[in-house]
Amino acid sequence: MEAGLCWRCDSPVVQKSLEQWFFKITDYAEELLNDCAKLTGWPERVITMQKNWIGKSVGVEIDFPLIGGDTHITVFTTRVDTLYGATFVLLSPEHPLVEQLIKDAVNKTEIEAFIERMRHEDKITRTAVDREKEGYFTGAYAKNPFTGNKIPIYLANFVLLEYGTGAIMSVTAHDQRDFEFAQKYNLPIRLVIMPKGDKLTESAMSKAQEGPGALVNSGQFNGLDNESAKKKMADYLENQGIAKRKINYRLRDWGISRQRYWGAPIPIIYCDKCGTLPEAEGNLPVILPTDIDFPDDGASPLPDLAQFVNTTCHKCGGQARRETDTLDTFVESSWYFARYTCAQNENAIFDPQAAAYWLPVNQYVGGIEHAVLHLLYSRFFTKVLRDLGLLKISEPFSNLLTQGMVIKDGAKMSKSKGNVVDPEDLINKYGADTARLFSLFASPPERDLEWNQEGVEGSYRFLNRVWRLVVNYLEQIKSIDENKPIDNLCAEDKKLNRKLHETIKKVTEDIQQRFHFNTAISAIMELVNALYTYKPKGEASYILVKKSIKSLLIMLSPFTPHIAEELWESLGYNASLATYAWPEYDAAAIKKEETLIVIQVNGKLRSKLSVAVNTSSDEIEKLALSDERIKQYVTGKQIRKIIHIPQKLINIVV
RNA sequence: GCGAGAGUGGCGGAAUUGGCAGACGCGCAGGAUUUAGGAUCCUGUGGGGAUAACCUGUGUGGGUUCAAGUCCCACCUCUCGCACCA
C-alpha cells in the first residue's frame, strides 16, 4: 500500500469487516515464548524478535465501578502499584460501553464524529508514537477503588481495543502518555511513587516519573517499594474480588482466510442442518478447481463456481456449501519440512515414523525477513502436530542461519523498488559459476551484501586462472597415478603439500562449522596462488600437483559445480566429480618443523624468530634475548617478566 | 522510546580461543609481454616519516591485561525489529 492506494493498480485500500478463520496460536503463546530458551542454535536477534512479537506482559485487571450505573469498567494494568495515582479512565473509541456512556454527553455529536474518524483511520497512522494525543470527555465518571475518588472517563485515540480490555487507568504522574494527555486536557496529576532520595512535587514535574521508588499518597501501602507493592496490592484487590491477575500477549490469533483463488481451499463446509463442519477426513484434500475463468475485477472466482461451492454434507447427506476462502500460504510453509521426510506418502499428511527419524531439521537456512512469521508459525505447527501425536519434537529447527539481504543503492533489492540485478545478465556474460562464486565470496551469508559489480570481474578472473592451471598441467599429470607413494619431498614440495592440507582443513571447517564460504573461497584462492608459484621438478612433483588439483576441484565444486565437473572430466575421470569423496587432510603434512615466534618488548612487536618446533622454552627465551634488535630494547633495563606463549609469541616486559 | 546487530585501508571483507591488524579479492600505481589495445605475468599498495630506523592506526573517551579489533564501562553513528501494548 502506498498513500492509501494499492501500489500496483492505484485502487483505494479500504477496511472491511469480514468473517474469517483463525488458528488459535494464542493458546501456545506461553510455550512459544518459554521454548525460545531451547533455540540455542538460533541467532539472538531472531529470538528477540519472536519474544517481542509474542509480547507477554504480566499485570492485573481491575474493575472500576461506574458512578450512577450498575456496571463497571475493567482495565488492564502492569502498574497496579500506581493505582492510587489513577486520576481518570481512558477508553478506546471502539469500546462496547462507549455508546451507553455518551448517551447524555453535552458534546455527543462531536464525540460520535471522533469515533467515526477513528474507525476510518488506518491503524499504523493512528498508533504512531509521535501522533498527538486526542481525547473526549464522555460525561461519565468512575470510582477509583482505592481512593474512592470520582474520576472522569475519557475516550482517547491511543487506546486500542485489541489490547488488554480496551480500557486503561490513567496514572498521569507515572506514565508519559498519560502525562501528556493530562497536560493537554488539564487533568490532575497525583504523585504516588517517590524515587529514592528525591523530593518531587506534582507541580514541578516536566515529564512522567516511570522509574522505581517508594509509595506515597497510597494509604496503607505507603513506604513500600513499588515492586513489592505490586504484589501486595494485587493480593489485596483479588481478596476484595475487584481484580484478578492477568497475562496479556501482543500476539493475536492467526487469521488464515484469504479471499483469493491461488491457495489451498479451507476444508470447511456449511450445512443448513448441521452447521459449520470440517470436511470429512476421507474427502481430503479439497482440490482447487482448475476449469475456471478469472473475473476481470481480480476477485476470486471460487464463490461464483457452483460446482465447487455446492457439495453434500458428510454428516446428514443434505445440501451444503463449501468455504470459498483459501489458506494463507504461510500455512503450508509451516509444515512442509515434515512432509519432506516422506514426500511420496499418499495416505497421510506424513508418516510419523519417517518424521521421527529425520526431524528436527539440523540446519535451517532462510532469509532474515522470515524471522517472525514463518518461523513462529512453523514452531506453532510443530507443537500442534506434537499434541496430535504426529510429531515427537517440540521445535522444528535446531540450528538456524539467517541469510542477509542483497542491498543495492542503499535499499533491499526488490521488485517493487525496481533496483534488482538480473542474474540473467551476469550469467550471460560470465556464466553461472562466476555469479555463484562472487555472491558467496563477497561476504559471510548472514550479513547483508551491498552489491558491487566490480568484484564480479575478480571471481571471473580467478576461475580463468583455475582453468589455465589445470589445462597447462594436463599433459604432464593426466596419465600419472597420483596414488603412487612419494618420498624424499624437497622443501618446496613439502611447502606445497602443507598448503594443500592446510587448505583442505580450512575449507572443510569453514563450510561445515561456520558456513563462512567467503573465507573458504579465499583459502582455495591461496592454494591456487601457491600452485602458480610452485616449480615442478620430476615425477614426484607431478604426483603432488595432481593430488592438489584433484582436491582443489572437489573443494571448488560446491561453489562452482560446472567448471569443476568440466575440468574433472578433462583429467580423464569418467564418473562425475560429485561421486568422489571429499578430501581429508593429513595432520602430519600440516605439522610444521619450524615455527615463527613473534618477539615483543612491552607488548610491541620488535622482532621475529624462526625456531624448530621442539625448541625448549628456555632456549627460545635465550635466543630472543640475544636477538640483535631485541638487545637494543633490553640492555640497561631490568627484565621484570617474560611471557611465553608456545608456538606463537614471547613478550619481554622491561 | 525499547530490543538486537554492526562500525576495521579508496572498496567488499579477514583476523575462529585476548597473542604479528588488514588474509583473499576489487581498485590504484609501476614494470614485463604486445605494433597497439585487451588478456596474462611480476612488484608495490593503511597513514606519517630521510621512505631506513621508527612512530601511529580497528567509530569516540575511559578501564582491565605482559598483551585488546577481540573483554568491561560510558558515549556517538548506522542498519534491522517492535513501537501510544497500558
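Predicted, not measured: the structure shown is a model, and the values here were computed from it.

Okay, the side chain of Lys 550 next. Turning to its location among the elements, Lys 550 is positioned in helix H18 (residues 538-556). Judged by its relative accessible area of 17%, Lys 550 falls in the buried class. A distance of 2.8 Å separates polar atoms of two side chains, one belonging to Lys 550 and the other to Glu 482. Other than its neighbours up to four places away in sequence, Lys 550 contacts Glu 482, Trp 568 and Tyr 573.

Going through the model one piece at a time under the given rule, you end up with 39 aromatic pairs. Considering the side-chain rings of Tyr 84 and Phe 146, the 4.7 Å spacing of their centres and the 10 degrees angle between planes classify their relative orientation as stacked. Note that Tyr 84 is positioned in the loop between strand E3 (72-77) and strand E4 (86-91) and Phe 146 in the loop between strand E5 (135-143) and strand E6 (150-156), a separation of 62 residues in sequence. A relative accessible area of 15% means that Phe 146 is categorised as buried.

Another point: the environment of Thr 165. Position of Thr 165 among the secondary structure elements: in the loop between E6 and strand E7 (167-171). Along the sequence, Thr 165 and Ser 439 sit 274 residues apart, while their C-alpha atoms lie 50 Å from each other. For Thr 165, the contacting residues outside a window of four places in its chain are Glu 61, Thr 74, Val 75, Phe 76 and His 95. Of note is the side chain of Thr 165, whose polar atom sits 3.2 Å from the backbone oxygen of Ala 167.

This part takes up the sheet that holds E5. Spatially, 4 strands are ordered E5-E6-E4-E7 in an open sheet, and the strand pairing comes out mixed. Single-partner strands in this sheet number two, and they are E5 and E7. Averaged over all neighbouring strand pairs, the angle between strand axes comes to 30 degrees, with direction disregarded. Of the strands in this sheet, E5 and E6 are in contact with helix H4 (residues 108-120), which crosses E5 at around 110 degrees. The strands that helix H6 (residues 176-185) touches are E4, E5, E6 and E7; relative to E4, the one it contacts most, it runs at about 95 degrees.

Quick look at the sheet that holds strand E10 (residues 243-249) now. Pairing in this open sheet of 3 strands is antiparallel, and the strands run E3-E2-E10 from one edge to the other. Of all the strands in the sheet, just E3 and E10 have a single pairing partner and so form its edges. With direction set aside, neighbouring strand axes in the sheet form an average angle of 30 degrees. Sheet topology note: the strand E2 (residues 56-65)/E10 ladder contains 7 bridges and is antiparallel.

To continue, consider helix H2 (residues 44-54). Of all the residues in H2, the buried ones are Val 46, Ile 47, Gln 50 and Ile 54. On an axial view of H2, the arc spanned by its buried residues comes to 100 degrees, and they lie on one face. Of the exposed residues in H2, the ones pointing more than 90 degrees away from its buried face are Glu 44 and Asn 52. Structurally, H2 contributes buried residues whose contacts are with helix H1 (29-34), E2, E10, helix H12 (373-387) and strand E19 (397-403). The positive-phi residue at the C-terminal boundary of H2 is Gly 55, with phi of around 55 degrees.

Geometrically, the link from Leu 284 to Pro 285 is a cis peptide bond, its omega value of -5 degrees lying close to zero. Considering the arrangement of structural elements, one finds Pro 285 in the loop between strand E14 (275-278) and helix H8 (306-309). For the bond from Leu 359 to Pro 360, the omega torsion is 0 degrees, close enough to zero to count as cis. Here Pro 360 shows up in the loop between helix H11 (352-358) and strand E18 (361-367). Even without being a glycine, Asn 217 presents a positive backbone phi close to 50 degrees.

Definitions and limits used
- Residues numbered from 1 in each chain as written.
- Chains lettered and ligands numbered in written order.
- Predicted model: local features only at pLDDT ≥ 70, side-chain atom pairs only at ≥ 80, totals over all residues.
- Heavy atoms only, no water.
- Helix = DSSP H or I, 4+ residues; strand = E, 2+ residues; numbered from the N terminus.
- Buried < 20%, exposed > 50% of the residue type's maximum accessible area, 1.4 Å probe, protein only.
- Polar contact = N/O pair within 3.5 Å; in protein donor to acceptor, adjacent residues only side chain to side chain.
- Contact = heavy atoms within 4.5 Å.
- Phe/Tyr/Trp six-rings, centres within 6.5 Å; stacked < 30°, edge-to-face > 60°.
- Pairing = 2+ DSSP bridges.
- Axes fitted to C-alpha atoms, helices over the stretch in contact; angles between N-to-C directions.
- Arc of directions from axis to C-beta.

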